[in-house]
Amino acid sequence: HKGLAAGSLAEASWFFSTGCRKETSHTHDAQISMLPTCGGPSLWTENLNYTDFTPENWDLETMFHVEKPSGMLLAALQQPFSEGEVTLGGLEPWAAPKIEHNYLADGTGDMEALIRICLEAVELAHTNDFASIVVPEHCVRESGPHSGIHSVRLWEEWAKAYATTLYHPTSTCRIGDVVDEGCGVIGTSGLRVADASVFVNITSGNTMAPVVMVGEKVANMIARTHGLALQA
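Residues numbered from 1 in each chain as written. Predicted model: local features only at pLDDT ≥ 70, side-chain atom pairs only at ≥ 80, totals over all residues. Heavy atoms only, no water.

### Quick word on the sheet that holds strand β1 (residues 12-16)
Spatially, three strands are ordered β1-β2-β3 in an open sheet, and the strand pairing comes out antiparallel. The open sheet has two edge strands with one neighbour each: β1 and β3 (72-77). Taking each pair of neighbouring strands and ignoring which way they run, the sheet shows an average axis angle of 15°. Bridge count between β1 and strand β2 (residues 30-35): five bridges; the pairing is antiparallel. Residue pairing for β2: Trp14 is matched across the bridge by Ile32. Contacts between helix α3 (residues 110-125) and the sheet are confined to β1, β2 and β3, with β3 contributing the most and set at about 155° to the helix. (Pairing = 2+ DSSP bridges. Helix = DSSP H or I, 4+ residues; strand = E, 2+ residues; numbered from the N terminus. Axes fitted to C-alpha atoms, helices over the stretch in contact; angles between N-to-C directions. Contact = heavy atoms within 4.5 Å.)

Right, here's the structure in full:
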């Protein structure tokens, strides 16, 4: 089998603890995933919405060379302390909600933790036969001429400009705050929530499997309420 469809895209992931916050010392708070491709330009301009994805700012020839291989190391903070909010966008039921992610909020230590993960990715990239790292010119200019690839200032500018979501938001309807232990919405009847929004806190990894577990658990509770038994 050949081509991108022959692989899982995220071929390998490394979970570890940054060790920079005692609150997360009991678990890993970092993930670095290896992707054997840089995708295509549309990934960066349309999906990630990078408005400065140009040859002047990015080494597009290296990233998308037709003969020389390239790839990505995806550095992800698994236990962010920053909290956003989802509020009503209007009184009409069709009004879009207001979503404020509040990434890397001051005083949370999230920026320090994310930078440490990025620096670990640099060390990983410099092992074996990995090639050089493509650095956006914007980050070089903002961090100063003496900021190398191991510079905290460089990675701070990189995170401010390009850090984005992995589409795993959780905990906007926490159990105990918005829903009860049966995932029923407090103050209503016949309404339950069964997705990642009921998590008390975000998991230290991808949320898909825990969401499946929540869905199956709530389905069983609903079935028992009506005297039914679900088939496996």
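### Looking at helix α5 (residues 152-162)
Since there are 3.6 residues in each turn of an α-helix, residues three or four apart along the chain are aligned in direction. Within the sequence span of α5, burial applies to Leu154, Trp155, Glu157, Trp158, Ala159 and Tyr162. The N-cap of α5, judged by a side-chain oxygen 3.2 Å from the amide nitrogen of Arg153 a few residues on, is Ser151. (Buried < 20%, exposed > 50% of the residue type's maximum accessible area, 1.4 Å probe, protein only. Polar contact = N/O pair within 3.5 Å; in protein donor to acceptor, adjacent residues only side chain to side chain.)

### Comments concerning the environment of Glu123
Among the structural elements, Glu123 can be located in helix α3. Each C-alpha atom of the pair Glu123 and His150 lies 9.0 Å from the other, and the pair is 27 residues apart in sequence. At 2.9 Å, the side chain of Glu123 forms a polar contact with the side chain of His150.

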